[in-house]
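Below, each chain spelled out in residue letters.
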Amino acid sequence: MKTLLFVFGTRPEAIKCAPVILKAHKDPRFKVLVCSTGQHREMIRPLFDFFGIKPDFDLDLMRPGQTLIDISMGVMSGLNKILNENKIDAVVVQGDTTSGFIGSLVAFYNKVSVVHIEAGLRSGDIYSPFPEEFNRKGTALVSKVHLAPTETAKENLLHEHYPAEDIFVTGNTGIDALFEVKRKIAATPQLQTEVAGKYSFLNPKRKMILVTVHRRESFGEPMEEVMKGLLELSRREDLELMIPLHMNPQVRASAKKIFGDNAQWIDKGETLNPANKIWLCEPVDYVPFIYLMDKAHMIITDSGGVQEEAPSLGKPILVAREKTERPEAIAAGTSKLIPLEQAKFFKMASEVLDTPEIFNRMSQAKNPFGDGKASEKILDILDTKL
Ligand code: UD1
Ligand code: UDP
């Protein structure tokens with residue numbers, strides 16, 4: 001039996017590791033341990049509850065306004081101690097966060113094998129997304145097994161001369177998680193009613209645009225240009241915007257500056273004004289977020305995970321980034337990069353909304369990122385490779 005230690009700290013890692021952890025728990029070939037770095041706190045806790053995962057180790061790192069150095073130092077010392085005190089066959093990390101990259105580095109220094117889920121994504125620009133492009137390249141350097149979600153990701157790794165026998169195309173585990181949630185929602189009518197009730201203030205006569213933004217490289221002017229473009233969009237009579245706001249203080253400061261009194265928070269106990277067009281809220285739990293994605297007319301986001309999920313729901317995606325490491329959705333015709341400049345942003349969003357040929361083409365429900373079976377493939381691969 002091989003002991004796998006999953007190391008992660010943020011919301012998307014929890015969502016994408018959960019299906020693998022849950023499957024491995026039931027698999028006699030593996031013993032599973034989970035280390036939450038605590039890079040996120042409020043944004044990850046509901047996911048542990050939802051998936052029924054109890055971390056074996058919690059480094060409890062989250063501090064408001066934390067720097068990349070704070071996170072890195074905390075993961076280094078905390079994980080080093082765990083690896084010194086426990087016999088671990090492989091450390092499993094996912095994606096490109098600082099928790100994952102430093103986790104892989106500490107494993108390497110301890111001569112413990114590293115398994116990288118969602119390996120091989122590349123934008124080609126080390127500063128975009130920052131610091132994620134570096135984090136995933138660094139993780140690849142120390143990984144023994146590269147689990148690429150798509151053929152494109154595999155090609156990227158081959159191009160960097162990683163051995164073909166260590167690279168496997170599995171699909172993205174985020175799609176496994178999405179299928180699981182959709183199953184749960186469909187099987188629990190009371191969950192559907194509960195979630196629908198929470199958003200009953202949305203005006204059925206308007207199209208709802210769901211928005212999330214949080215990338216570090218966009219902080220300041222680029223993110224504020226996007227927000228100005230959103231404000232302009234919100235003036236259209238046929239639209240309303242729903243924006244679950246990331247907890248990063250920089251995102252909150254820009255939203256306050258640009259939206260001001262033109263937005264209303266839904267979860268601060270205020271009476272909601274039906275004439276309001278921009279709704280802000282705290283980060284939404286995973287089930288209600290999927291509900292909102294499903295209800296949305298269109299999605300505007302800089303999130304990696306949302307770009308991967310939306311095509312399964314047949315929702316057009318405008319990606320508020322200069323570059324994407326997920327070109328598959330653009331190639332499949334379901335997403336487009338949108339300029340981070342108010343006038344061009346507004347022009348492109350309006351064009352997609354108002355041109356049925358473009359909108360319908362982007363609404364096809366076909367997902368290039370996975371088929372929901374990545375986790376079982378991953379466990380079979382680990383059984384032979386570790
Ligand atoms: C991190 C990842 C990013 C990923 C994102 C997912 C890095 C460098 N960045 O960015 O790749 O896309 O998570 O959301 O690893 N905060 C809270 N409570 C929380 C979470 C965050 O208050 O539960 C606030 C804190 O003030 C914290 C700040 O947000 O200091 C930033 O969190 P951090 O994890 O450093 O960066 P993210 O922008 O979330
Ligand atoms: N998500 C969520 N609630 C939200 C926003 C996003 O549950 O309010 C989910 C979303 O469905 C996706 C993941 O969080 O699975 C994406 O996380 P995030 O955008 O924070 O990070 P990224 O994917 O960009 O690294």
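Residues numbered from 1 in each chain as written. Chains lettered and ligands numbered in written order. Predicted model: local features only at pLDDT ≥ 70, side-chain atom pairs only at ≥ 80, totals over all residues. Heavy atoms only, no water.

In this section: the packing of aromatic side chains. Summed over all chains, the structure comprises 10 aromatic pairs. For the ring pair phenylalanine 8 and phenylalanine 48, a centre distance of 6.0 Å and an interplane angle of 35 degrees mean the geometry is tilted. Remark: phenylalanine 48 occurs in helix α2 (residues 45-51) and phenylalanine 8 occurs in strand β1 (residues 2-8); sequence separation between them is 40 residues. Per residue, the accessibility class of phenylalanine 8 equals that of phenylalanine 48, and both read buried. (Phe/Tyr/Trp six-rings, centres within 6.5 Å; stacked < 30°, edge-to-face > 60°. Helix = DSSP H or I, 4+ residues; strand = E, 2+ residues; numbered from the N terminus. Buried < 20%, exposed > 50% of the residue type's maximum accessible area, 1.4 Å probe, protein only.)

Before going further, it helps to examine the environment of alanine 332. As for its position among the elements, alanine 332 is in helix α13 (residues 327-332). Note: C-alpha distance between alanine 332 and proline 311 (21 residues apart in sequence) is 9.1 Å. Excluding its chain neighbours within four sequence positions, the residues that come into contact with alanine 332 are Gln364, Lys366 and Pro368. (Contact = heavy atoms within 4.5 Å.)

Another point: the side chain of arginine 206. Considering the arrangement of structural elements, one finds arginine 206 in the loop between α8 (189-198) and β8 (207-212). Engagement of the side chain of arginine 206 in a polar contact is seen with the backbone oxygen of glutamate 237, the distance being 3.4 Å. The contact partners of arginine 206, leaving out residues within four places of it in the chain, are Glu237, Asp238, Leu239, Glu240, Pro274, Asn276 and Lys277. (Polar contact = N/O pair within 3.5 Å; in protein donor to acceptor, adjacent residues only side chain to side chain.)

Taken together, 25 residues sit near ligand 1, with His40, Glu42, Arg63, Glu132 and Arg216 positioned nearest. Note that an oxygen atom of ligand 1 is positioned 2.8 Å from one of the backbone N or O atoms of threonine 98. Of the residues contributing to the shell around ligand 1, the split by class is nine nonpolar, 10 polar and six charged. (Near = heavy atom within 4 Å. Nonpolar A, V, L, I, M, F, W, Y, C, P; charged D, E, K, R; others polar.)

Here isoleucine 278 is to be found in strand β11 (residues 278-281). Judged by its relative accessible area of 0%, isoleucine 278 is buried. The sequence separation of isoleucine 278 and histidine 25 amounts to 253 residues, and the corresponding C-alpha distance is 42 Å. The contacts of isoleucine 278, once residues within four sequence positions are left out, are Leu231, Ser234, Leu241, Ile243, Phe259, Asn262, Ala263 and Gln264.

Bringing helix α9 (residues 221-234) into the picture now. With 14 residues, α9 extends 20 Å from end C-alpha to end C-alpha; this agrees with the ideal 20 Å at 1.5 Å per step. In terms of burial, α9 is a largely internal element, 10 of the 14 residues being buried. Within the span of α9, buried status applies to Met223, Glu224, Glu225, Val226, Met227, Gly229, Leu230, Leu231, Leu233 and Ser234. Its buried side turned inward, α9 meets β8, β9 (239-244), α10 (249-259), β11, β12 (298-301) and α14 (342-354). (Expected span 1.5 Å × (residues − 1).)

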